[in-house]
Amino acid sequence: MRISKQNLVEGSSFLRSKKSKNFDREKFMIDNMEHNLTFKEELKKFKELDKDQYSLLLRKFKKKYKDYRLSWFENPKKAFETGNFDQFNPLCLDIETASICDLACPHCFREYILTPDKIMDFDFYKKIIDTAVKFDVPSIKLNWRGEPLLNPKLEEFISYAKKNGILEVSINTNATTLTEKRAERLIDAGLDQIIYSFDGGTKKTYEKMRPARFKKNKFEDVYKNIKNFHFIKQKKGSFFPITKIQMVLTKDTRDEIEDFFDLFSNYVDDVTVTQYTERGGNLEKIPKKEKNKIDELIKKNDLSNNTNFFLEANGDLNVSVGRKPCYQLFQRLMITFDGRVAMCCHDWGAQHCLGFIDKKSFDIDETLKNLEKNIIDNKKGFELLKNAKKPTKYNEPPKKITNIHDIWNGEELNKIRKIHMEKQLDKIDICKNCDFKDTYEWKKIN
């Protein structure tokens, strides 16, 4: 097996055999744009197109996607270099179609921060998409804290976005409820990418890392779901969605990278391992041998005991030598099921809330109070969430309904961008202790 760095997230790695190449998502999307449902919907607007007109329209869509992917890194870079924050639109909206999850993974935020068991209202969702289209947002991801397949209307959510001009629609899923019927509906709806979260290369590790809240979660069932999706997609002759599977690197999973690759390499387009970045967990992130190396280095160089570090899949050991601006501030916005807006995916619970786009968001305190009672009463499905506490509110914007456009260009987010540009991340409570690897300068020590 070959391990090669992924350019999207610091410390993440593609897994490939010596005979195969890394899957190139961008190239695949561009090469197969004529099979993208959004492109097909655009074609329907024309009664007739000759060959040249068809080619021109296809090139336009390919360029739009290419520009979007190029902008993912270029927009933040330009903004932080120039200090001009008003020249770019968001490239992605992460829309929480479901905040409920049927698992209680020990490395997840929801084990330590109260997270509502709710789904998003479809009419509210449509308003978000309508605004996104006007704002020329090219991509959306239909989940954040929860499991999107627990929203029974997810396929309608996908279809509405695709038919109204969103170029790329993705989901992350634990695949526990990915039945054959559901697989067909997702493919037919025009989903562009499905990312499976599956921790462990063996039954023992997987079931330890991914315990269920309501009924037993079995390795065999989820593995079968993922394989079946591959076969159904193959049978339908569908180019989309692109399939990706990722495993979080922890002490339990590091020795199972080869097993993980062997399990899935024949059934998904992309096999990836990612760094453990959650806050509040009690998992051991790194093997004892490597941790001893870090302790020795910290002592030798008179570094703080809180010095951040990470061990890559290939064995490279890194320590932090400083902070750097977070690119997410110019890439995306996060929208909760009830209409609160957060600046990044690591702000679990929108603790540094930027604004509100629906009045339901004003009821969050009551929602959390009821959730807290369920945990205290040890209700079914809440037994593993006993350590979850109410999220700290780091920012409380005025309780008024606004819109994505004004929040994106608003005073609060621009203030945060300026602080990041000056590399003063410690001035922002939610950013101070963030474990997102991309916000640190790393030095290899082995």
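Located above this text is the structure these notes cover.
Quick look at the structure, then. (Residues numbered from 1 in each chain as written. Predicted model: local features only at pLDDT ≥ 70, side-chain atom pairs only at ≥ 80, totals over all residues. Heavy atoms only, no water.)

Examining the packing of aromatic side chains
Applicable threshold: A pair of aromatic rings is counted whenever rings of Phe, Tyr or Trp (Trp by its six-membered ring) have centres within 6.5 Å, and the orientation is called stacked for planes under 30 degrees apart, edge-to-face for over 60 and tilted otherwise. To qualify as a helix, a DSSP run of H or I must reach at least 4 residues; to qualify as a strand, a run of E must reach at least 2; elements of each kind are numbered from the N terminus. Relative accessibility decides the category of a residue: with a 1.4 Å probe and only protein chains considered, values under 20% of the type maximum give buried, values over 50% give exposed, and everything between is partly exposed. Our definition puts a charge over a ring when NZ of Lys or CZ of Arg is within 6 Å of the ring centre and also within 35 degrees of the ring normal.
Following the criterion strictly, the structure yields 28 aromatic pairs and no others. For the pair Phe80 and Tyr327, a centre-to-centre distance of 6.4 Å together with 25 degrees between the ring planes defines the contact as stacked. Taken together, the positions of Phe80 in helix α3 (residues 51-82) and Tyr327 in the loop between β10 (317-323) and β11 (332-335) put the pair 247 residues apart, joining distant regions of the chain. For Tyr327, a relative accessible area of 28% corresponds to the partly exposed category. Taken together, a centroid distance of 4.2 Å and an interplanar angle of 20 degrees make the contact between Phe198 and Tyr206 stacked. With respect to class, Phe198 is no different from Tyr206; both count as buried. What links up through ring pairs into an aromatic cluster is the set Phe198, Tyr206, Phe219, Tyr223, Phe231, Phe260, Phe264 and Tyr267. Seen from the ring of Tyr68, Arg69 lies directly overhead, with NZ or CZ sitting 4.8 Å from the centre.

Things to note about the pattern of salt bridges
As a reminder of what qualifies: Salt bridge criterion: a side-chain nitrogen from Lys or Arg within 4 Å of a carboxyl oxygen from Asp or Glu.
Scanning all chains against the criterion turns up 31 salt bridges. The salt bridge involving Asp435 is made with Lys437; its shortest N-O contact spans 3.4 Å.

Some details on the packing of helix α4 (residues 122-134) against helix α5 (residues 154-163)
For clarity, the cut-off: Where helices are involved, their axes are fitted lines through C-alpha atoms of the stretch in contact, as for all axes, and angles between N-to-C directions lie from 0 to 180°. Angle categories: roughly parallel below 35 degrees, roughly antiparallel above 145, roughly perpendicular from 65 to 115, and oblique for all the rest. Here is the rule for handedness: rotate from the far helix to the near one, and if that takes an anticlockwise turn smaller than a right angle the crossing is left-handed, while a clockwise turn gives right-handed. Whether two residues are in contact is decided by their heavy atoms: any pair within 4.5 Å suffices. All residues other than Ala, Val, Leu, Ile, Met, Phe, Trp, Tyr, Cys, Pro, Asp, Glu, Lys and Arg, Gly among them, are scored as polar; the first ten of these are nonpolar and the last four charged.
The interhelical angle for the contact between α4 and α5, taken along N-to-C directions, is 25 degrees, at an axis separation of 10 Å. Here α4 lies roughly parallel to α5, going by the angle between them. Like other packed secondary-structure pairs, α4 and α5 cross with a definite hand, here right-handed. From α4, Phe122, Tyr125, Lys126, Ile129 and Asp130 reach across to α5, where they touch Glu156, Phe157, Ile158, Tyr160 and Ala161. For the contact of α4 with α5, the residue count by class is seven nonpolar, no polar and three charged.

Observations concerning α4
Since the α-helix turns once every 3.6 residues, residues separated by three or four places project in the same direction. Put simply, the rule reads: Under the convention used throughout, the expected extent of a helix is 1.5 Å for every residue step, that is, one less than its residue count. This arc is built from the directions going out from the helix axis to the C-beta atoms.
For α4, spanning 13 residues, the distance from its first C-alpha to its last is 19 Å, which sits close to the expected 18 Å at 1.5 Å a residue. Among the residues of α4, Phe122, Phe124, Tyr125, Ile128, Ile129 and Ala132 are the ones counted as buried. Along the axis of α4, the buried positions cluster into a sector of 155 degrees, meaning they face one direction only. Turned more than 90 degrees away from the buried face of α4, the exposed residues are Lys127 and Lys134. As for α4, its buried residues are in contact with β3 (92-95), β4 (139-141), α5, β11 and α12 (404-408).

Looking at the packing of helix α6 (residues 180-189) against helix α8 (residues 219-236)
Running from N to C, α6 and α8 point in directions that differ by 50 degrees, and their axes come no closer than 10 Å. Looking at the two axes, α6 sits oblique to α8. As for how α6 packs across α8, the hand of that crossing is right-handed. Counting all contacts with α6, which are made through Glu180, Ala183, Glu184, Leu186, Ile187 and Asp188, the residues of α8 involved are Asn228, Phe229, Ile232, Lys233 and Lys236.

A word on unusual backbone geometry
Look at the link from Phe240 to Pro241: it is a cis peptide, with omega at 5 degrees. Relative to the elements of secondary structure, Pro241 occurs in the loop between α8 and β7 (242-249). Look at Asp136: it is not a glycine, yet its phi comes out positive at around 60 degrees. Its place among the elements puts Asp136 in the loop between α4 and β4.

A look at empty space enclosed by the protein
Inclusion rule: Points on a 1 Å grid over protein atoms alone make up a cavity when a 1.4 Å probe fits among them but cannot get out, and a pocket when they form an open set with protein on both sides within 12 Å along at least five of seven lines; lining residues each have an atom within 4 Å of a point. Grid points are joined across faces, edges and corners, and a volume is the space filled by probe spheres set on the points.
Counting across every chain of the model gives two cavities of 30 Å³ or more. Roughly 90 Å³ of volume is contained in the largest cavity. Around the largest cavity sit 13 residues that line it, and Cys326, Cys344, His420, Cys431 and Cys434 are the ones nearest its centre. Counted as a void, the second largest cavity has a volume near 40 Å³.

As for the environment of Gln328
Applied cut-off: Each polar contact in these results corresponds to two N or O atoms within 3.5 Å; when the atoms are within protein, one needs to be able to donate a hydrogen and the other to accept it, and residues that are neighboring in sequence are counted only if both atoms are side-chain atoms.
Relative to the helices and strands, Gln328 is located in the loop between β10 and β11. Classification of Gln328 as buried rests on a relative accessible area of 3%. Expressed as a C-alpha distance, the spacing of Gln328 and Gln53, which sit 275 residues apart in the sequence, is 37 Å. Those residues in contact with Gln328 that sit more than four places away from it in its chain are Met343, Cys344, Cys345, His346 and Phe436. Among the polar contacts made by the side chain of Gln328, one reaches the main-chain amide nitrogen of Cys345 at a distance of 3.3 Å.

Remarks on the state of the cysteines
Going by this rule: Any two cysteine sulfur atoms lying within 2.5 Å of each other are counted as a disulfide.
For the structure shown, the criterion picks out zero disulfides. In this structure Cys92 is a free cysteine whose sulfur lies 9.9 Å from that of Cys345, the closest cysteine sulfur available. The cysteine Cys344 is free of any disulfide, with Cys345 supplying the nearest cysteine sulfur at 5.6 Å. Classification of Cys344 as buried rests on a relative accessible area of 11%.

Any link to function would need more than the numbers given here.
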